[in-house]
Amino acid sequence: MQDSTIEWTDKTWNPVRGCDEIGPGCKNCYAKTFAERWRGVPGHAYEQGFDLRIAPDKLVEPLRWKNRQRIFVNSMSDLFHKDIPLAYIQDIAQVMQAAQWHTLQVLTKRSSRMRTLLNGSLQGAAEAPNIWWGVSVEDRKHGLQRLQHLREATHARVRWLSIEPLLEDLGEIDLEGISGVVVGGESGPRARPMQEEWVQNILRQCEEQHVPFFFKQWGGKNKKKTGRRLNGKLYNEQPPTSPFTPISYKDRQDLIKQFIPRIEYWKGRTDLEDLVFRKPEEKLQELGTERLSAASRDK
Ligand code: SF4
């Protein structure tokens, strides 16, 4: 886990690394740019660049962290990528539930798979008050469909939106059941511009529908210069964080011990290509369930 400079979180946690593009919001993916910089560097966490792989040695990291934190889950990947085994996602969800004093912030562009799992095998995690389930929204065509999927994840207790990079006016949006909205413009050398009226439109609707609003940044080529003030002030509202207090060092160690068989199980299984995980969704889920059952028997 590491300190984050992202305005709406405290730490990042990456039990999965790598991803691939799925929509226009991915065009200038900061994670890809960062990861590819290290491709081929022996021993570096991103030696394999942005290739998708699991990182079991990171699985219990939040349980080692004593103080309450907001933790961005998979800032360098997408938890619901189709090639991540179901059993591994289930293990991540169990860690998130066990680390209940933290607030885990999940954000995906694979909203269809998230909806399916939150309505199924991840229902317990969906209902946890310390986990925010969110989707990225960049435009009407792709982003609003993800919002619909999030709404259809009926067991999700805390739902949120990251509207970044905002690429066009979203028009009227139904925010019922949404506990918070983050808005931001794209940053970096190839940043696509964001109009103030698009932001004001979302702010107005959040205020009308009593949804917490967080303005992250204007973005652009120099995001420090453009800043994050809107209407002359900062907007820092967020969904509720975990209601639970931290536990003792011994209790944390006991929790970590429970996950050691799972970490051992996944070590050596990090190359997803070799594990023929590139299967249709149903087969993938079967495979994941079989692996979870087998691993439980082995304990
Ligand atoms: S889904 Fe996220 S991590 Fe994956 S390529 Fe797109 S922006 Fe990058």
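What counts, and where the lines are drawn
- Residues numbered from 1 in each chain as written.
- Predicted model: local features only at pLDDT ≥ 70, side-chain atom pairs only at ≥ 80, totals over all residues.
- Helix = DSSP H or I, 4+ residues; strand = E, 2+ residues; numbered from the N terminus.
- Expected span 1.5 Å × (residues − 1).
- Buried ≥ 20, exposed ≤ 12 C-beta atoms within 10 Å, placed from the backbone.
- Pairing = 2+ DSSP bridges.
- Core = buried A, V, L, I, M, F, W, Y, C linked by C-beta atoms within 7 Å.
- Contact = placed C-beta atoms within 7 Å.
- Axes fitted to C-alpha atoms, helices over the stretch in contact; angles between N-to-C directions.
- Parallel < 35°, antiparallel > 145°, perpendicular 65-115°, else oblique.
- Nonpolar A, V, L, I, M, F, W, Y, C, P; charged D, E, K, R; others polar.
- Arc of directions from axis to C-beta.
- Right-handed = clockwise from strand over helix to strand, strands pointing away.

### What about helix H3 (residues 86-98)?
Between its first and last C-alpha, H3 extends 18 Å over 13 residues, near the 18 Å set by a 1.5 Å rise per residue. Looking only at H3, the buried set comprises Leu86, Ala87, Tyr88, Ile89, Gln90, Asp91, Ile92, Ala93, Val95 and Met96.

### Quick look at the pairing of strand E7 (residues 131-136)
Counting buried positions along E7 yields six of six residues, so the element is predominantly enclosed. Going residue by residue along E7, you find Ile131, Trp133 and Val135 tucked away on one face and Trp132, Gly134 and Ser136 tucked away on the opposite face as well. Sheet topology places strand E6 (residues 103-108) next to E7; five bridges connect them, and they run parallel. The residue of E7 that forms the bridge with Val106 is Trp133. As paired elements, E7 and strand E8 (residues 158-163) share five bridges and run parallel to each other. Residue pairing in the sheet places Trp132 in a bridge with Val158 of E8.

### Quick notes on the nonpolar core
The biggest cluster of nonpolar side chains holds 64 residues, and the ones touching the most others in it are Ile131, Trp133, Leu161 and Val181. Per-element tally for this core: the top contributor is H3, with eight residues. In contact with Val181, not counting residues within four places along its chain, are Trp160, Leu161, Ile163, Ile202, Cys206, Val211, Phe213 and Phe214. Counting five residues, the second-largest nonpolar core is a separate cluster that includes Cys19, Ala35, Leu52 and Met76.

### A word on the packing of helix H4 (residues 111-118) against helix H6 (residues 140-152)
One way to put it is that H4 packs onto H6 with a least axis distance of 8 Å and a crossing angle of 5°. Here H4 lies roughly parallel to H6, going by the angle between them. Packed against H4, whose contacting residues are Ser111, Ser112, Met114 and Arg115, the element H6 presents Arg146, His149, Leu150 and Glu152 at the interface. A per-class count over the contact of H4 with H6 returns two nonpolar, three polar and three charged.

### Here we look at helix H7 (residues 196-208)
The first and last C-alpha atoms of H7 sit 18 Å apart over 13 residues, in line with the 18 Å expected at 1.5 Å per residue. Every buried residue of H7 is listed here: Val199, Ile202 and Cys206. Down the axis of H7, the sector holding all buried residues measures 65°, keeping them to one side. For H7, exposure combined with an orientation more than 90 degrees from the buried face picks out Glu196, Glu197, Arg204, Glu207 and Glu208. Phi for His210, located one or two positions after H7, is positive at around 55°.

### With respect to the pairing of strand E5 (residues 70-73)
Inspection of the sheet shows strand E2 (residues 11-13) paired to E5 by three bridges, in the parallel sense. By the bridge assignment, Trp13 is partnered in E5 with Val73. Since E5 and E6 lie parallel, the crossover through H3 that links them has a hand, and here it is right-handed.

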